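Letter by letter, the chains look like this.
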Amino acid sequence: MQGPFKTYCIIGDPIDHSLSPAMHNAAFNYIGLNSTYIAFRVPKGELGVSLDSLRATKISGFNVTIPHKVDIIPYIDELDPSAKVARAVNTVHQIGGSFKGYNTDVQGFIEPLRKRHISMDGMKILLIGSGGAARAIVAALSNEIGISQIIVANRTKKNADELISMASDLGLRADFTSLENIGEHALKSGLIINSTPSWLNDRQSILNYDHISKDSIVYDIVYRPVVTNLIEQAKNAKATVIYGYEMLLAQGAKAFEIWTGINAPVEAMKRALLGHFGEPS
Ligand SMILES: NC(=O)c1ccc[n+]([C@@H]2O[C@H](COP(=O)([O-])OP(=O)(O)OC[C@H]3O[C@@H](n4cnc5c(N)ncnc54)[C@H](OP(=O)(O)O)[C@@H]3O)[C@@H](O)[C@H]2O)c1
């Protein structure tokens, strides 16, 4: 084992199903770093006291998940541009007692699209959901050239309106639709993104295959199960699919690199996420 002993963690609630400890411990073991990563359940309302404890223990770094990605901002000493643009933090690095906040979901979201060399020039995009992950998605999309329009579909219009205003501040044209109307927009969208939770699609897909064009890309950021109902429907429609685990892996690799300064062992991290069965076909 190399280097001084370092501890990392993830804070959030619920946290018991997080895949981040398995993914990061696999990376530390693969490289041979003398480091470990654990999960802490931190309920809403206990963030401040929990962060005081993490500072006291001189934690080297940590990830932040639901429900703290936005609420943590006042506790952070310095924000990276990724966190400033997304107005949310999912990764913190402790340097000399100071907390620096990043949003690696921004890069994590875009990387699977880049890998497939997908151009968004002239594209209409349907974004389902307006929560913390959707903010990182909009921040990532604002770096792309030529997107013609983003249709934001959400249960609560007020939350969608806030996201639309953020998109507009970043130079994107965005408009609202209700969840009932997503079918008609989906058929005209080059990229369909789901950022609502998995249980919402547990029984049936949020979209049916007859609302998905074979020329579209369907990106479900939900990673559990790996093959969601929406991904199944997209495959039935013969559309291109992007799995949520791809974003999880890319944001985790970026966090690893921020903390360690070492290139992330992506294949080892992927094996920890998918087991030894490999990628779904
Ligand atoms: N692959 C990855 O790396 C990655 C990264 C981040 C997140 N995620 C996943 O993305 C999902 C969303 O995360 P988040 O951080 O954005 O969560 P969040 O901030 O809690 O946002 C949840 C979104 O889902 C909507 N929603 C929740 N319950 C609903 C219901 N019963 N009916 C209709 N809409 C509902 C919310 O709408 P309202 O505005 O109406 O409440 C909101 O738009 C989670 O499953 C998370 O695990 C994946």
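## Here's the deal with the site of the ligand
Here is step 1 of the chain: Taken together, 25 residues are adjacent to the ligand, and Ser130, Asn154, Thr156, Asn159 and Ile221 come closest.
Here is step 2 of the chain: Backbone polar atom of Ile221 to a nitrogen atom of the ligand: 2.8 Å apart, as the coordinates give it.
Here is step 3 of the chain: A distance of 3.2 Å separates an oxygen atom of the ligand from a polar backbone atom of Leu248.
Here is step 4 of the chain: For the ligand, the cavity whose grid points lie within 2 Å of the majority of its atoms is the largest pocket.
Here is step 5 of the chain: Residue assignment for the shell around the ligand shows that the elements contributing at least two residues are α5 (132–141) and α9 (244–260).
Here is step 6 of the chain: Of all the elements, α9 adds the most residues to the shell around the ligand, at three residues.
Here is step 7 of the chain: When the residues that make up the shell around the ligand are grouped by side-chain class, the tally is eleven nonpolar, eleven polar and three charged.
Here is step 8 of the chain: When residues of the shell around the ligand are sorted by domain, at least three fall in each of domain 1 (2–102 + 248–276) and domain 2 (106–242).

## Thoughts on the packing of α9 against helix α10 (residues 266–274)
Here is step 1 of the chain: Interhelical geometry of α9 versus α10 gives an angle of 135 degrees and a closest axis separation of 10 Å. One element, α9, and the other, α10, form an angle in the oblique class. Between α9 and α10 lies a crossing whose hand is right-handed. Residue-level inspection shows Tyr245, Leu248, Leu249, Gly252, Ala253 and Phe256 of α9 in contact with α10, the latter providing Val266, Met269, Lys270, Leu273 and Leu274.
Here is step 2 of the chain: Per-class residue counts for the contact of α9 with α10 are nine nonpolar, one polar and one charged.

## As for the layout of surface pockets
Here is step 1 of the chain: One number sums up the size of the largest pocket: a volume of about 1,800 Å³.
Here is step 2 of the chain: The set of elements that each furnish at least two residues to the lining of the largest pocket consists of β3 (61–64), α5, α6 (157–169) and α9.
Here is step 3 of the chain: A breakdown of the residues in the lining of the largest pocket according to their chemical character gives 20 nonpolar, 19 polar and eight charged.
Here is step 4 of the chain: Lining of the second largest pocket is provided by 17 residues; of these, Lys115, Glu246, Leu249, Val266 and Lys270 occupy positions nearest its centre.
Here is step 5 of the chain: Looking at the lining of the second largest pocket, the elements with two or more residues in it are α4 (104–115), α9 and α10.
Here is step 6 of the chain: Of the residues forming the lining of the second largest pocket, the biggest block, seven residues, is contributed by α9.
Here is step 7 of the chain: Considered class by class, the residues forming the lining of the second largest pocket number seven nonpolar, one polar and nine charged.
Here is step 8 of the chain: Structurally, the lining of the second largest pocket is a two-domain feature, drawing no fewer than three residues from each of domain 1 (2–102 + 248–276) and domain 2 (106–242).

## With respect to the sheet that holds strand β12 (residues 240–242)
Here is step 1 of the chain: With parallel pairing, six strands are arranged side by side in an open sheet as β9-β8-β7-β10-β11-β12. Bordering the open sheet on either side are β9 (174–177) and β12, each of which pairs with just one other strand. The sheet shows a mean angle of 20 degrees between the axes of neighbouring strands, taken without regard to direction.
Here is step 2 of the chain: Bridge count between strand β10 (residues 191–194) and strand β11 (residues 217–220): four bridges; the pairing is parallel. Counterpart to Asn194 in the pairing with β11 is Asp220.
Here is step 3 of the chain: Taken strand by strand, α4 contacts β10, β11 and β12, and its axis lies near 150 degrees from that of β11.
Here is step 4 of the chain: Relative to strand β7 (residues 124–128), α5 is tilted by about 165 degrees, and along the sheet it contacts β7, β8 (149–153) and β10.

Calculation rules
- Residues numbered from 1 in each chain as written.
- Predicted model: local features only at pLDDT ≥ 70, side-chain atom pairs only at ≥ 80, totals over all residues.
- Heavy atoms only, no water.
- Near = heavy atom within 4 Å.
- Polar contact = N/O pair within 3.5 Å; in protein donor to acceptor, adjacent residues only side chain to side chain.
- 1 Å grid on protein atoms, 1.4 Å probe; cavity = no way out; pocket = protein on both sides within 12 Å on 5 of 7 lines; lining within 4 Å.
- Sits in = over half its atoms within 2 Å of the grid points.
- Helix = DSSP H or I, 4+ residues; strand = E, 2+ residues; numbered from the N terminus.
- Nonpolar A, V, L, I, M, F, W, Y, C, P; charged D, E, K, R; others polar.
- Domains from an automatic or database assignment.
- Axes fitted to C-alpha atoms, helices over the stretch in contact; angles between N-to-C directions.
- Parallel < 35°, antiparallel > 145°, perpendicular 65-115°, else oblique.
- Left-handed = near helix turned anticlockwise from the far one by under 90°.
- Contact = heavy atoms within 4.5 Å.
- Points joined across faces, edges and corners; volume = space filled by probe spheres on them.
- Pairing = 2+ DSSP bridges.

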